[in-house]
Amino acid sequence: MKVEQKGHTTILKNTQGDCEAFLEKVTSQHTSFKSQNLILDMSKDKDVDLKQIQLFNDLSKTHKKGKKSFVMVVQDINFNDVPTKLTVVPTLLEAHDIIEMEEIERDLGF
């Protein structure tokens, strides 16, 4: 797992290609990231499917309770099948854009 800081956002990259191991690492280290917006970059893993993405649902819910954004970057999936509770986008740029919009919404009290 590679960790990158950009302002008020932490990008966690899955370097092993194993979603379940990545989920375990992120979950075990979540306390050190809970005050930051999180981007989980799984774009290099071409074998990610909808079932693996749904494994992150509980972690996403926990993180969003802290009024912080949780965005996953995944390519080559049908985004219409992703549950609305999860925020999944195809590129890092879109992930940053989503976080910016959510920050504005929080600032405005939505």
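Report follows, based on the coordinates. (Residues numbered from 1 in each chain as written. Predicted model: local features only at pLDDT ≥ 70, side-chain atom pairs only at ≥ 80, totals over all residues. Heavy atoms only, no water.)

## Side note on the side chain of serine 69
Assignment of secondary structure puts serine 69 in the loop between α4 (57-65) and β4 (70-73). Here serine 69 is in contact with Asn37, Leu38, His63, Ile99, Glu102 and Arg106, once residues within four sequence places are set aside. (Helix = DSSP H or I, 4+ residues; strand = E, 2+ residues; numbered from the N terminus. Contact = heavy atoms within 4.5 Å.)

## Details of the sheet that holds strand β3 (residues 37-41)
Spatial strand order, β1-β2-β3-β4-β5: five strands in an open sheet with mixed pairing. Strand pairing shows two members of the sheet lacking a second neighbour, β1 (2-6) and β5 (87-89), which therefore form its edges. Here the strands of the sheet are splayed against their neighbours by 20° on average, with no regard to which way each runs. When strand β2 (residues 9-13) meets β3, the two strands line up parallel, connected through five bridges. (Pairing = 2+ DSSP bridges. Axes fitted to C-alpha atoms, helices over the stretch in contact; angles between N-to-C directions.)

## Considerations on the side chain of threonine 87
Secondary-structure assignment places threonine 87 in strand β5. Only 3.3 Å separates the side chain of threonine 87 from the side chain of lysine 64, close enough to count as a polar contact. If we ignore the near neighbours within four places in the chain, the residues touching threonine 87 are Lys64, Phe70, Val71, Met72, Ile98 and Glu102. (Polar contact = N/O pair within 3.5 Å; in protein donor to acceptor, adjacent residues only side chain to side chain.)

## Some details on the packing of aromatic side chains
The way to describe two aromatic rings as a pair is by their centre distance and the angle between their planes. In this structure the tally under the stated criterion is one aromatic pair. Measuring from centroid to centroid gives 6.2 Å for phenylalanine 22 and phenylalanine 56, while their planes differ by 55°, and the two rings are tilted. Here phenylalanine 56 lies in the loop between α3 (50-54) and α4 and phenylalanine 22 lies in helix α1 (residues 19-28), a separation of 34 residues in the sequence. Judged by its relative accessible area of 1%, phenylalanine 22 falls in the buried class. The exposure class assigned to phenylalanine 56 is buried, which follows from its relative accessible area of 0%. (Phe/Tyr/Trp six-rings, centres within 6.5 Å; stacked < 30°, edge-to-face > 60°. Buried < 20%, exposed > 50% of the residue type's maximum accessible area, 1.4 Å probe, protein only.)

## A short note on α1
Along α1, the residues classified as buried are Cys19, Phe22, Leu23 and Val26. Looking straight down α1, one finds its buried side chains confined to an arc of 100°; they lie on one side. In α1, those exposed residues whose orientation departs by more than 90 degrees from the buried face are Glu24 and Ser28. One side-chain oxygen of the residue at the start of α1 lies 3.3 Å from the amide nitrogen of glutamate 20, identifying that residue as aspartate 18. (Arc of directions from axis to C-beta.)

Just geometry here; none of it tells us what the structure is for.
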